[in-house]
Amino acid sequence: KTTAWRNYSFTVTMDDGRRIVSSKDKDPYLALFLQDITLRPSCYNCRFRCARSGSDITLGDFWNVGKAIPKLNDGKGLNVLSANSPKGMEIVASLNVNLEAVPVNEAIAANGGFGGNIPVPASRAAFFAGLPNAGKNLYSYMKGFVRRPPFYKRMYRTFHSAMSRLKKQLTK
């Protein structure tokens with residue numbers, strides 16, 4: 001994550017130290033991952049979701065933090081931490097970090113994956129069925145399964161990005 005959360009990317013560091021960075025908009029593998037097509041089969045019926053892991057604490061990315069705590073949404077990413085037991089409460093209380101309490105229902109609503117299982121995309125079976133035959137055309141094959149966001153979402157992102165840049169310019 002070198003380009004913040006709004007424009008996350010896929011980075012590969014080669015043996016010779018070269019780094020290849022590809023954004024979610026340009027890398028079909030990352031796009032398919034974000035569309036839930038290339039997840040492991042166990043991810044669609046994860047027995048650890050919904051606080052069922054048996055762990056004392058749960059830590060993860062706080063997706064959509066802007067919905068739950070807009071004032072903390074700086075675009076750099078934020079974690080969500082859940083204490084699931086009395087021992088977890090002790091652990092959290094002992095941490096020397098800034099914490100902001102969020103009602104559980106808001107945290108779950110803003111983090112879809114935490115609250116329930118992910119549905120298997122309709123195109124997943126077709127993607128994996130044809131994958132062995134993709135050969136040297138793998139890049140094109142993957143691109144064929146990438147869904148382009150609807151027009152209104154692309155416009156929202158463009159507007160939001162422009163407003164963020166303007167805000168930065170005005171606060172300099």
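The shown structure was predicted, so the numbers you read here are calculated from the model rather than taken from an experiment.

## Quick look at the overall build of the chain
Helices and strands together make up the secondary structure of the chain, namely eight helices and four strands. The helix and strand sequence of the chain, counted from the amino end, reads β-β-α-β-α-β-α-α-α-α-α-α. For the C-alpha atoms alone, the extent of the chain along its principal axes is close to 55 × 45 × 40 Å. The 172 residues of the chain split such that 21% are buried. In the chain, the share of contacts with a sequence separation of at least 24, taken over all contacts with a separation of at least 6, comes to 54%. Surface summary for the chain: the accessible area is close to 12,700 Å², and the carbon and sulfur share equals 57%. Each charge sign in the chain was given a centre, from 26 positive and 11 negative side chains, and these centres are 9 Å apart.

## Focus: the pattern of salt bridges
Under the criterion given, the structure shown has two salt bridges. Note that R18 and D16 form a salt bridge whose closest N and O atoms lie 2.8 Å from each other. Residue R18 is classed as partly exposed on the basis of its relative accessible area of 48%. A salt bridge links E100 to K71; the shortest N-O distance between them is 3.4 Å. One end of the pair, E100, is in the loop between α3 (86–94) and α4 (104–110); the other, K71, is in the loop between α2 (65–68) and β4 (79–83), and 29 residues separate them in sequence.

## Side note on a nonpolar patch on the surface
Where nonpolar side chains cluster on the molecular surface, the patch consists of F10, V12, M14, I20, Y29, F33 and L34 and spans about 530 Å² of accessible area. Ranked by residues supplied to the nonpolar patch, first place goes to helix α1 (residues 28–34) with three residues. Looking at the element boundaries, F10 is found in strand β1 (residues 9–13). Relative accessible area serves as the criterion here: at 30%, F10 is assigned to the partly exposed category.

## A few points about the environment of G60
Mapped onto the elements of the fold, G60 is located in strand β3 (residues 57–61). Here G60 falls in the partly exposed class, since its relative accessible area comes to 22%. Taking the C-alpha atoms as reference points, G60 and R49, 11 residues apart in sequence, are found 12 Å from one another. With near-sequence residues (within four places) excluded, G60 lies in contact with L78, N79 and V80.

## Some points on the layout of surface pockets
Considering only enclosed or pocket space, the second largest pocket measures out at about 680 Å³ in volume. Taken together, 24 residues form the lining of the second largest pocket, with N79, V80, L81, L99 and E100 sitting closest to its centre. Going through the elements one at a time, β4, α3 and α4 are the ones with two or more residues in the lining of the second largest pocket. Counting residues per element, the lining of the second largest pocket draws most heavily on β4, at five residues.

## Side note on the pairing of strand β2 (residues 19–23)
Note on strand geometry: in a regular strand, side chains alternate between the two faces of the sheet. Pairing analysis gives five bridges linking β1 to β2, with the strands arranged antiparallel. Within β2, the position partnered with F10 by the bridge is S22. Between β1 and β2, which pair antiparallel one after the other, the connecting turn spans five residues, and G17 there sits at a positive phi close to 95°.

## Focus on the confidence of the model for the chain
Confidence along the chain averages 83 in pLDDT terms, with 92% of residues attaining 70 or more. Predicted confidence in the chain is weakest over helix α5 (residues 112–115), with a mean pLDDT of 66, and strongest over helix α6 (residues 124–130), with 96.

## Thoughts on the packing of aromatic side chains
According to the stated counting rule, one finds four aromatic pairs in the structure shown. On the numbers, 5.0 Å between centres and 85° between planes, the contact of F127 with F128 is edge-to-face. Classification of F127 as buried rests on a relative accessible area of 2%. An aromatic cluster of three or more residues is present, and its members are F127, F128, Y141 and F145.

Quick notes on the rules
Residues numbered from 1 in each chain as written. Predicted model: local features only at pLDDT ≥ 70, side-chain atom pairs only at ≥ 80, totals over all residues. Heavy atoms only, no water. Helix = DSSP H or I, 4+ residues; strand = E, 2+ residues; numbered from the N terminus. Buried < 20%, exposed > 50% of the residue type's maximum accessible area, 1.4 Å probe, protein only. Contact = heavy atoms within 4.5 Å. Areas by Shrake-Rupley, 256 points an atom, 1.4 Å probe, with all protein chains shown as cover. Lys, Arg positive; Asp, Glu negative; His and termini not counted. Charge placed at Lys NZ, Arg CZ, Asp CG, Glu CD. Salt bridge = Lys/Arg side-chain N within 4 Å of Asp/Glu carboxyl O. Patch = residues over 30% accessible without salt bridge, like charges linked within 9 Å, V, L, I, M, F, W, Y side chains within 5 Å. 1 Å grid on protein atoms, 1.4 Å probe; cavity = no way out; pocket = protein on both sides within 12 Å on 5 of 7 lines; lining within 4 Å. Points joined across faces, edges and corners; volume = space filled by probe spheres on them. Pairing = 2+ DSSP bridges. pLDDT = per-residue confidence, 0-100. Phe/Tyr/Trp six-rings, centres within 6.5 Å; stacked < 30°, edge-to-face > 60°.

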